2 protein chains.
Amino acid sequence: MASLTEGSRRPIRLADIAKAAGVSHGTASNVFSRPEIVREEVRARVKAAAEALGYAGPDPKGRLLRAGKVNAIGVATTEPLSYFFDDPFARVMMAGISEACDATGAGIALVSAGNEEKLAWNIQSALVDGFILFCIEGGPRLVELTRERKLPFVALELGSQDDTVSAIGVDNVAGGRLAARHLAELGHRRFAVLSLAFADDSTGLVSPERVRTAVYTGTRDRLLGYLEELSRFGVDTAKVPVYETENDEASTKAGLETIFASAEPPTAILAMSDRVAMEALEWLNARGIAVPRDVSVVGFDGVPEAAICDPPLTTVAQPIAEIGRRAARRILDFDGTVRRETLGVELVVRASSGPPPGTG
Amino acid sequence: MASLTEGSRRPIRLADIAKAAGVSHGTASNVFSRPEIVREEVRARVKAAAEALGYAGPDPKGRLLRAGKVNAIGVATTEPLSYFFDDPFARVMMAGISEACDATGAGIALVSAGNEEKLAWNIQSALVDGFILFCIEGGPRLVELTRERKLPFVALELGSQDDTVSAIGVDNVAGGRLAARHLAELGHRRFAVLSLAFADDSTGLVSPERVRTAVYTGTRDRLLGYLEELSRFGVDTAKVPVYETENDEASTKAGLETIFASAEPPTAILAMSDRVAMEALEWLNARGIAVPRDVSVVGFDGVPEAAICDPPLTTVAQPIAEIGRRAARRILDFDGTVRRETLGVELVVRASSGPPPGTG
DNA sequence: GCAAAAATTTGAATCGATCCAACGAAAGTG
DNA sequence: CACTTTCGTTGGATCGATTCAAATTTTTGC
């Protein structure tokens, strides 16, 4: 009795509407999904019933199961969610992804997690049609986790040679070369490299062994590009210090301390990201080292901030937004193939690079 | 025959695994969702079957329907998706939302659309437990659309007095006052206001009538705060030009052209957003008008960019990230109540404001 | 060795919709 | 008037899982 009078809190379902309007659930469904095929009068009746009962409209959860397609693409990373809104590189990339999604009306689901276990769960339970992977750290693990979902996915910036995963990236060797050649042509002969990670969880000066066994081949390739080109200019590349940073302030500054403690400090710094390069600019400025008069700095990425920092940064620009657009389209128009795309990079010369001191 | 030998492309379901392993659905399900309750040996057998058949794990689509909870919060706006990554205000807000979501492991689904029809569809079909609404333009419409989903939602920056919707915002009147008092105390007596929208689709000088009938009461309140405070300093507020911008470059510059065409141009500009204030800084600089020597500018919002622009902007800072965090928590720990929260603002004095010319 | 208790497993019901083959009624045709 | 079309409606099957009361098996206690 009580339960009857009380009225259950259960949300209204389509079936309730159908019963109230005295039609079958098939017809009730049609009223919402294909209104044109149901008779005017019936349609009105069903809509009235829906209104009266306070029906919220067909629940997407139910629809989804039947339809199979979510119409959203998942963007995953091992960083915290705020990475998508803080990091300049990620932001431009997301803008590119957004553009492609907007064009087709698809949504974006951001997937991330504090710890490994939660990340696995979040990837397993993400309601998406496919994934775009930001492989910053823990790339291989992220790929492995995602592969288990058996959904289409594309890795960004993976820098691994696994041919079984689709990826979009840039020609890192060519980019490295561009940066190195630019500085060498300006007359520089004493270099230092502020590198990104070769593998997880380590910073400091890098040994050839670590380069050889690099997990992140993107990092390795940039270095290869640097060194190949430098040696063409007669630089003894064995003497070029390569400091592995974590792409943040602390490790970059530690690297600079190490590098400039040398008896023969470099006149040119090759930074593997604009982030690191800009941190370097700041550190050099604080130490009273003028850029580019005393030291030149060249970054990598081409984030918008690089154009407005002080001094504006010479950098190797990646087509970041284009990578994002392509990645999104790869998921949206997935054709079942695995493809690796490599896009070109471009040297953007700004004010952070110039001839070495004492050159005239 | 053919169809039998061919083998259907149909993805593997849990039921297939159960059959292959010779157990019931129930047990197969338990192997994945509560492995500890199934006997070691059976568990191994089921897992082996899953492996053999290439099962991707329980499909979240199915689970979702049963569980009811998506564990994701939708963030919706009428702007294009890239707004979330481009706009400084939105980014800080999203960082706050992200923080709260990360803490509980919830995901974020970005919802937006080019046109009204698609927006309605995207909101209706978003797989989320609730919405946070960025009511920039078309706020009332967005609220209406969302209300139909009958899910918890919170409006940000709504600036409307509808007490039936939860909202989080700041005390705009107080903020307006803070900005106006600061300038008045510096000695300014000739003001101009660069306003945000009072209603959709219009820019230009604002009539009292438009203010009275404002849809966006946040805009109205800021203006009220400005004017109330100015009149306390003896300023004839009827003579203060109020130019409605669209919070973008073009309309801001048009506004400045109008304002500075006057015989008695202002010595102080009250801008209702940092975005507009920074555009103003740029325009003034291009015209050779020195800030703050010739003209002072005070913004509103307190976005990070305001601290690093040239000159650094004096502004009324909102606790943007905090608003985001609270909004997210309101959805995550929804308790069925409708609540409107108003947070405080703070004047941040930087270099864009100073005494009026000829004051000493 | 047997009953009671504990641990596993089963299979039907459920979540909320959409799809579709079949059917009934109204309209059109010769 | 019988016969096909056309139009709308019906109700069962399905999407892929989870849940839970009941059935079964294994353990434990004496």
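Check the entry above for the structure.
Definitions and cut-offs
- Residues numbered from 1 in each chain as written.
- Chains lettered and ligands numbered in written order.
- Predicted model: local features only at pLDDT ≥ 70, side-chain atom pairs only at ≥ 80, totals over all residues.
- Helix = DSSP H or I, 4+ residues; strand = E, 2+ residues; numbered from the N terminus.
- Rg over C-alpha atoms; globule rule 2.2 N^0.38 Å.
- Buried ≥ 20, exposed ≤ 12 C-beta atoms within 10 Å, placed from the backbone.
- Contact = placed C-beta atoms within 7 Å.
- Axes fitted to C-alpha atoms, helices over the stretch in contact; angles between N-to-C directions.
- Left-handed = near helix turned anticlockwise from the far one by under 90°.
- Nonpolar A, V, L, I, M, F, W, Y, C, P; charged D, E, K, R; others polar.
- Least-squares fit on C-alpha atoms with pLDDT ≥ 70 in both.
- Pairing = 2+ DSSP bridges.
- Core = buried A, V, L, I, M, F, W, Y, C linked by C-beta atoms within 7 Å.
- Near = placed C-beta within 6 Å.

Asker: For this particular structure, what's the right way to read the overall build of chain A?
Answerer: Looking only at helices and strands, one finds 16 helices and 13 strands in chain A. By the compact-globule yardstick of 21 Å for 360 residues, chain A is too spread out, its C-alpha radius of gyration being 27 Å. A principal-axis box enclosing the C-alpha atoms of chain A has dimensions of 90 × 40 × 35 Å. Relative to its full complement of 360 residues, chain A shows a buried share of 48%. Nonlocal contacts in chain A, meaning residues at least 24 apart in sequence, comprise 71% of its contacts between residues at least 6 apart.

Asker: Help me understand the packing of helix 10 (residues 172–185) of chain A against helix 12 (residues 217–232) of chain A, please; the structure alone is not making it clear to me.
Answerer: Angle between the axes and distance between the axes are the two parameters that describe a pair of packed helices. All names here are of chain A. Closest axis-to-axis distance for the helix 10/helix 12 pair is 7 Å, and the angle between their directions is 35°. Seen from above, helix 10 lies across helix 12 with right-handed handedness. Between helix 10 and helix 12, the contacting residues are Asn172, Val173, Ala174, Gly175, Gly176, Arg177, Ala179, Ala180, Arg181 and Ala184 on the first element and Gly218, Asp221, Arg222, Leu223, Leu224, Gly225, Tyr226, Glu228, Glu229 and Leu230 on the second. The class makeup of the residues in the contact of helix 10 with helix 12 is nine nonpolar, five polar and six charged.

Asker: Would you take a moment to explain the relation of the copies chain B and chain A for this structure?
Answerer: Each copy superposes on the other: chain B lies on chain A with an RMSD of 0.1 Å after a rotation of 180° and an axial shift of 0.0 Å. These values place the two chain copies in the arrangement generated by a two-fold rotation axis. Within chain B, the C-alpha atom positioned nearest to the axis of rotation is that of Ala109(B), 2.1 Å from it. Mapped onto chain A, 100% of the interface residues of chain B are again interface residues, and the two copies thus contact each other with one and the same surface.

Asker: Help me out: how do you make sense of the sheet that holds strand 10 (residues 296–301) of chain B in this one?
Answerer: Two strands in a sheet stick together by hydrogen bonds in their backbones, pointing the same way (parallel) or opposite ways (antiparallel). Residues and elements named next belong to chain B. The seven strands lie next to each other as 7-8-6-9-10-11-13, forming an open sheet whose pairing is mixed. With partners counted over all chains shown, the strands left at the sheet margins are strand 7 (204–205) and strand 13 (346–348), one partner each. For strand 11 (residues 314–317) and strand 13, the ladder comprises three bridges, and the chain directions are antiparallel. Residue Val316 lies in a different strand from strand 13, and its bridge partner there is Leu347.

Asker: I would appreciate a short explanation of the nonpolar core in the present structure.
Answerer: Where a protein is soluble and globular, its nonpolar side chains tend to be buried together. Membership of the largest hydrophobic core comes to 192 residues, with the highest contact counts inside it found for Leu133(A) and Leu133(B). The contact partners of Leu133(B), leaving out residues within four places of it in the chain, are Ala76(B), Leu142(B), Val143(B), Thr146(B), Phe153(B), Val154(B), Ala155(B) and Leu156(B).

Asker: What's the story with the protein's contact with DNA strand D in this structure? I'm lost.
Answerer: Gly26(A), Arg13(B), Ser29(B), Asp59(B) and Gly62(B) are the nearest of the 27 residues found near DNA strand D. At the level of secondary structure, the elements contributing two or more residues to the surface near DNA strand D comprise helix 3 (25–33) and helix 5 (60–67) of chain A together with helix 3 (25–33) and helix 5 (60–67) of chain B. With six residues, helix 5 of chain B is the single largest residue contributor to the surface near DNA strand D. Here the surface near DNA strand D is built from residues that sort into eleven nonpolar, nine polar and seven charged.

Asker: Would you explain the pairing of strand 4 (residues 153–156) of chain B in this entry?
Answerer: Along any regular strand the residues' side chains alternate between the sheet's two faces. Residue and element names in this part refer to chain B. Residues Phe153 and Ala155 of strand 4 are buried on one face, and the alternating residues Val154 and Leu156, pointing to the opposite face, are buried as well. Bridging between strand 3 (residues 131–134) and strand 4 involves four bridges; their strand directions are parallel. Within strand 4, the residue paired with Leu133 across the bridge is Ala155.

Asker: Please clarify how the interface of chain B and chain A should be interpreted in this entry.
Answerer: Counting residues at the interface gives 39 residues for chain B and 39 residues for chain A. Counting residues per element, the ones that place at least two in the side of chain B that touches chain A are helix 5, helix 6 (83–86), helix 7 (88–104), strand 2 (107–111) and helix 8 (116–125) of chain B. A total of seven residues in the side of chain B that touches chain A trace back to one element, the largest contributor, which is helix 7 of chain B. Taken together, the residues that form the side of chain B that touches chain A break down as 19 nonpolar, eleven polar and nine charged. Taken together, the three bridges between strand 2 (residues 107–111) of chain A and strand 2 of chain B define a ladder with antiparallel strand orientation. Directly across from Ile108(A), in strand 2 of chain B, lies its bridge partner Leu110(B).

Asker: Explain unusual backbone geometry here, please?
Answerer: Glycine aside, residues mostly have negative phi angles, and peptide bonds mostly take the trans form. All names here are of chain B. Along the chain, Val291 connects to Pro292 via a cis peptide bond; the corresponding omega equals 5°. Residue position: Pro292 is located in the loop between helix 14 (274–286) and strand 10. At the junction of Asp310 and Pro311, the peptide bond is cis and its omega measures out at -5° in the coordinates. With respect to the secondary-structure elements, Pro311 resides in the loop between helix 15 (305–308) and strand 11. For Asp301, which is not glycine, the phi dihedral falls at a positive 135°. Mapped onto the secondary structure, Asp301 falls in strand 10.

Asker: I keep staring at the sheet that holds strand 3 (residues 131–134) of chain A and nothing clicks. Help me out?
Answerer: Overall, mixed pairing links the twelve strands, which are arranged 12(A)-5(A)-4(A)-3(A)-1(A)-2(A)-2(B)-1(B)-3(B)-4(B)-5(B)-12(B) in an open sheet. Every other strand in the sheet has two partners, leaving strand 12 (340–343) of chain A together with strand 12 (340–343) of chain B as the edge strands with one partner each. Neighbour-to-neighbour, the strand axes of this sheet turn through a mean angle of 20°, independent of strand direction. Against the sheet, helix 9 (residues 139–147) of chain A engages strand 1 (72–77), strand 3 and strand 4 (153–156) of chain A, with an angle of about 165° to strand 3 of chain A. Against the sheet, helix 7 of chain B makes contact with strand 1 (72–77), strand 2, strand 3 and strand 4 of chain B, and its axis sits at roughly 145° relative to strand 2 of chain B, the strand it touches most.

Shape is all these values report; function is a separate question.
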